[in-house]
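Residues per chain, in single letters:
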Amino acid sequence: QAKVLGKNRYYFFDENLNDMLMRRMQLEIDLEKSIAENQLFLVYQPIHCLDTGKRRGLEALLRWKHPTLGLISPAEFIPIAEDTGQIHAIGEWVMRTACAEIKQLQENGMTGSLIAVNVSSKQMEEGFVTIVKEIVEETGLDPTCLELEITESMMQNVDTSMQIIHGLHELGVKIAIDDFGTGYSSFYLLRDLPIDTIKIDKAFIDEIDNEKSLLIVKTMIDIGLNLDLRVVSEGIEHEWQLEALKELDCDLGQGYLFDKPMPIDEWIKK
Ligand code: C2E
Ligand code: MG
Ligand code: MG
Ligand code: MG
């Protein structure tokens with residue numbers, strides 16, 4: 001077909017598109033075996049108290065070590081897993097592994113540390129609360145140590161999601177709104193749901209030297225403080241960002257300035 005269209009641009013474009021589709025198809029197929037073949041693992045990034053610098057918790061971040069393509073970002077494979085339905089098995093694996101590994105960490109002396117786990121909106125279906133309950137019981141983790149990070153886009157299925165969040169709250173599990181400020185239904189969520197934490201998206205922290213961004217971040221922090229929520233700033237890379245956030249009374253933060261995400265063994269050694 002490329003010959004019919006002629007060479008150059010169209011041919012070039014087709015090639016790229018073809019590569020993209022081929023990669024996606026390969027990932028989709030290979031993802032199927034990723035759990036059984038132990039290719040998935042978690043890394044943990046600490047959440048720090050900005051004033052004292054102390055660690056207050058860890059966020060579990062998923063990694064896929066593909067046998068031939070190497071390390072693949074969750075930003076690439078989570079959307080594929082969401083499309084195919086594989087997110088259910090993967091999400092359950094993440095939850096079980098994170099709870100078990102944090103339990104292990106607590107037994108090694110890191111007491112009371114909160115574990116944050118990202119949850120896809122696609123996982124917010126009937127039966128989710130039961131899954132979480134079973135995993136918590138199975139691993140023996142104190143449910144009040146577990147915080148689930150959801151994004152504002154979860155409101156695809158409002159009624160079910162709301163029921164699930166209330167159910168999780170009854171278990172004692174905490175709820176964070178991730179990437180706060182990038183969605184569209186935040187205030188409505190904050191009003192109607194038992195939310196514990198908001199996480200201000202990195203995009204705002206990146207630009208905190210810009211006057212408008214600073215005012216927006218300040219306003220988001222004030223909303224959190226007024227509603228008695230924990231406020232976490234994401235993606236702090238520079239000292240000047242940290243200083244600005246302290247000035248605004250943001251209590252918590254995470255980012256490369258403190259630590260990069262690392263596997264559990266390295267946290268146990270620390
Ligand atoms: P997120 O939950 O907002 O996680 C924050 C992302 O920012 C992580 O990327 C983290 O490694 C990165 N990060 C942290 N500090 C810094 C910093 O100072 N600078 C920069 N440039 N980046 C920083 P990661 O691990 O690639 O994850 C990307 C996204 O993939 C996550 O965003 C989350 O939405 C999703 N994700 C990760 N793990 C899971 C999972 O287990 N389940 C689901 N459903 N989604 C996950
Ligand atoms: Mg997160
Ligand atoms: Mg986030
Ligand atoms: Mg983010």
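From a predicted model like this one, the values you see are computed outputs, not experimental measurements.

**What about the side chain of E234?**
Then comes step 1: Looking at the secondary structure, you find E234 in the loop between β8 (230-233) and α10 (239-247).
Then comes step 2: The side chain of E234 sits in the buried core without any salt bridge; K199 is the nearest counter-charge, 4.5 Å away.
Then comes step 3: At 3.2 Å, the side chain of E234 and the backbone nitrogen of K202 are in polar contact.
Then comes step 4: Beyond its immediate sequence surroundings of up to four residues, E234 is in contact with D178, D179, K199, I200, D201, K202, I205 and Q254.

**Section: the side chain of D259**
Then comes step 1: Structurally, the position occupied by D259 is in the loop between β9 (252-253) and α11 (264-269).
Then comes step 2: A residue is classified by how much of its surface remains accessible, and D259, at 14% relative accessible area, is buried.
Then comes step 3: Sequence-distant contacts of D259, that is, excluding residues within four places in its chain, are made with Q45, P46, H48, W267 and K270.

**Here we look at the packing of aromatic side chains**
Then comes step 1: According to the stated counting rule, one finds one aromatic pair in the structure shown.
Then comes step 2: Plain terms: the ring middles of W64 and F77 are 5.4 Å apart, the flat faces sit at 80° to each other, and that makes the pair edge-to-face. You can see W64 sitting in strand β2 (residues 55-66) and its partner F77 sitting in helix α3 (residues 74-84), a full 13 residues away along the chain.
Then comes step 3: Taking relative accessible area as the criterion, W64 reaches 0% and is therefore assigned buried.
Then comes step 4: Over the face of the ring belonging to Y256 we find K260, whose NZ or CZ atom lies 4.6 Å from the ring centre.

**Let's talk about the coordination of the magnesium ion (ligand 3)**
Then comes step 1: Coordination sphere of the magnesium ion (ligand 3), protein contribution only: D178 (OD), D179 (OD) and E234 (OE), at 1.5 to 2.8 Å.
Then comes step 2: One chain supplies every donor for the magnesium ion (ligand 3), spaced along it as D-D-x54-E.
Then comes step 3: Here the magnesium ion (ligand 3) and the magnesium ion (ligand 2) are spaced 3.6 Å apart, with D178 acting as a shared donor.

**Some thoughts on the coordination of the magnesium ion (ligand 4)**
Then comes step 1: The protein atoms that coordinate the magnesium ion (ligand 4) are D179 (OD), D201 (OD) and E234 (OE), at distances spanning 2.2 to 2.8 Å.
Then comes step 2: Binding-site remark: the magnesium ion (ligand 4) is held by donors from one chain whose sequence spacing is D-x21-D-x32-E.
Then comes step 3: Separation of the magnesium ion (ligand 4) from the magnesium ion (ligand 3) amounts to 3.0 Å, with D179 serving as a shared donor to the pair. Remark: E234 occurs in the loop between β8 and α10 and D201 occurs in the loop between β7 (197-200) and α8 (202-206); sequence separation between them is 33 residues.

**Quick notes on the confidence of the model for the protein**
Then comes step 1: In this model, the protein carries an average pLDDT of 91, and 93% of its residues clear a pLDDT of 70 or more.
Then comes step 2: Here residues 1-6 scores under 50 on pLDDT; set against residues more than four positions off or in separate chains, the count is four contacts.
Then comes step 3: Two numbers describe this predicted complex: its pTM, 0.93, and its ipTM, 0.98.

**Quick word on the packing of helix α5 (residues 128-139) against helix α6 (residues 158-171)**
Then comes step 1: Packing of α5 against α6 brings their axes to within 9 Å, and their N-to-C directions diverge by 20°. One finds that α5 runs roughly parallel with respect to α6. Read as a crossing pair, α5 and α6 show a hand that is right-handed. Along its contact with α5, which presents F128, V129, V132 and K133, the element α6 presents I164, G167, L168 and L171.
Then comes step 2: A per-class count over the contact of α5 with α6 returns six nonpolar, one polar and one charged.

**Some remarks on the pattern of salt bridges**
Then comes step 1: Applying the stated criterion across every chain, the model contains 12 salt bridges.
Then comes step 2: In this structure, E137 and K133 form a salt bridge, with 3.2 Å as the shortest nitrogen-oxygen distance. Placement of the pair is E137 and K133 together in helix α5, with a separation of four residues, close to one helical turn.
Then comes step 3: E243 serves as the salt-bridge partner of K246, at 4.0 Å between the closest nitrogen and oxygen. Taken together, the residues K246 and E243, both in helix α10 and three residues apart, mark about one turn of the helix.
Then comes step 4: Within this structure, R24, E28 and D83 form a network of salt bridges that share partners.

The rules behind each value
Residues numbered from 1 in each chain as written. Chains lettered and ligands numbered in written order. Predicted model: local features only at pLDDT ≥ 70, side-chain atom pairs only at ≥ 80, totals over all residues. Heavy atoms only, no water. Helix = DSSP H or I, 4+ residues; strand = E, 2+ residues; numbered from the N terminus. Buried < 20%, exposed > 50% of the residue type's maximum accessible area, 1.4 Å probe, protein only. Lys, Arg positive; Asp, Glu negative; His and termini not counted. Salt bridge = Lys/Arg side-chain N within 4 Å of Asp/Glu carboxyl O. Polar contact = N/O pair within 3.5 Å; in protein donor to acceptor, adjacent residues only side chain to side chain. Contact = heavy atoms within 4.5 Å. Phe/Tyr/Trp six-rings, centres within 6.5 Å; stacked < 30°, edge-to-face > 60°. Lys NZ or Arg CZ within 6 Å of the ring centre and 35° of its normal. Donors = N, O, S within 2.8 Å, 3.2 Å for Na, K, Ca; no water. pLDDT = per-residue confidence, 0-100. Axes fitted to C-alpha atoms, helices over the stretch in contact; angles between N-to-C directions. Parallel < 35°, antiparallel > 145°, perpendicular 65-115°, else oblique. Left-handed = near helix turned anticlockwise from the far one by under 90°. Nonpolar A, V, L, I, M, F, W, Y, C, P; charged D, E, K, R; others polar.

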